[in-house]
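Structure assessment
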Amino acid sequence: RELFYQRLLGISAPEVENYTPNLTQANLRNKYQLDEGIHIVRHWDTGADGLDAAAFRSKHKTWYTKMKPVTQNLGRRTGIHLRTLEPQQGQDGEGKSVLCRYNKDGTKSTVYLDISQLYDALFEIHCLEHGHLRGKEAAKSRVDELYANVPDAQVKIFVDTCPVCMERRGSQEEFVKVQFV
């Protein structure tokens, strides 16, 4: 975890919770930024914060231009919308609302991750689902099915910093050195 966040953001893992990514980094969002997006999408048509719909939209037009929220599946990748996840086992009431985007062909809703969830999501795919046996391409393919904001570079950094894979690569390098010496 430490090495992953060090290479990705240049900060230590404990600092991730308080880190605010630059808005120009479209794939990195913290919890606050995603919650703000949820608030904007939820109130886009009605207004909020003491503003009517027109004033609310005017205030958040830059966000809209970048994210293009929609209320129906228009089949475009930029279709930002809200989805309510199923409640977790043992949890009462409704599940959590999350910010999502439609995939390229508009058939699937993929979830935005905040940066503190990134390592755990990649760990689950690469380590638990694939058992460290499949590379970056397989992990990226699965990531694209589930998540909206995880580019190739982040998957590559994860696989490159995976301790099991690093150890495996190290022993393979030693094997190659021994074989050809």
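Residues numbered from 1 in each chain as written. Predicted model: local features only at pLDDT ≥ 70, side-chain atom pairs only at ≥ 80, totals over all residues. Heavy atoms only, no water.

The next thing to look at is the packing of aromatic side chains. The final tally for this structure, using the stated rule, is five aromatic pairs. Considering the side-chain rings of Phe4 and Tyr5, the 5.1 Å spacing of their centres and the 70° angle between planes classify their relative orientation as edge-to-face. The exposure class of Tyr5 is buried, given its relative accessible area of 2%. Between the aromatic rings of Tyr119 and Phe123, the centroid separation amounts to 6.2 Å while the plane-to-plane angle is 25°, which identifies the pairing as stacked. (Phe/Tyr/Trp six-rings, centres within 6.5 Å; stacked < 30°, edge-to-face > 60°. Buried < 20%, exposed > 50% of the residue type's maximum accessible area, 1.4 Å probe, protein only.)

The next thing to look at is the packing of helix 5 (residues 115-129) against helix 7 (residues 152-161). In the contact formed by helix 5 and helix 7, the axes pass within 10 Å of each other and the chain directions differ by 70°. Judged on the interaxial angle alone, helix 7 and helix 5 are roughly perpendicular. Considering the relative orientation of helix 5 and helix 7, their crossing is right-handed. Counted together, Leu118, Tyr119, Leu122, Phe123, His126 and Cys127 of helix 5 and Gln154, Val155, Phe158 and Val159 of helix 7 form the full contact between these two elements. When the residues that make up the contact of helix 5 with helix 7 are grouped by side-chain class, the tally is eight nonpolar, two polar and no charged. (Axes fitted to C-alpha atoms, helices over the stretch in contact; angles between N-to-C directions. Helix = DSSP H or I, 4+ residues; strand = E, 2+ residues; numbered from the N terminus. Parallel < 35°, antiparallel > 145°, perpendicular 65-115°, else oblique. Left-handed = near helix turned anticlockwise from the far one by under 90°. Contact = heavy atoms within 4.5 Å. Nonpolar A, V, L, I, M, F, W, Y, C, P; charged D, E, K, R; others polar.)

Below, the discussion takes up helix 2 (residues 31-43). The first and last C-alpha atoms of helix 2 sit 18 Å apart over 13 residues, in line with the 18 Å expected at 1.5 Å per residue. Taken as a whole, helix 2 has its buried residues at Gln33, Leu34, Gly37, Ile38, Ile40 and Val41. Seen end-on, helix 2 carries its buried residues on one side only, within an arc spanning 165°. One side-chain oxygen of the residue at the start of helix 2 lies 3.2 Å from the amide nitrogen of Tyr32, identifying that residue as Asn30. (Expected span 1.5 Å × (residues − 1). Arc of directions from axis to C-beta. Polar contact = N/O pair within 3.5 Å; in protein donor to acceptor, adjacent residues only side chain to side chain.)

Nothing here speaks to function; it is geometry throughout.
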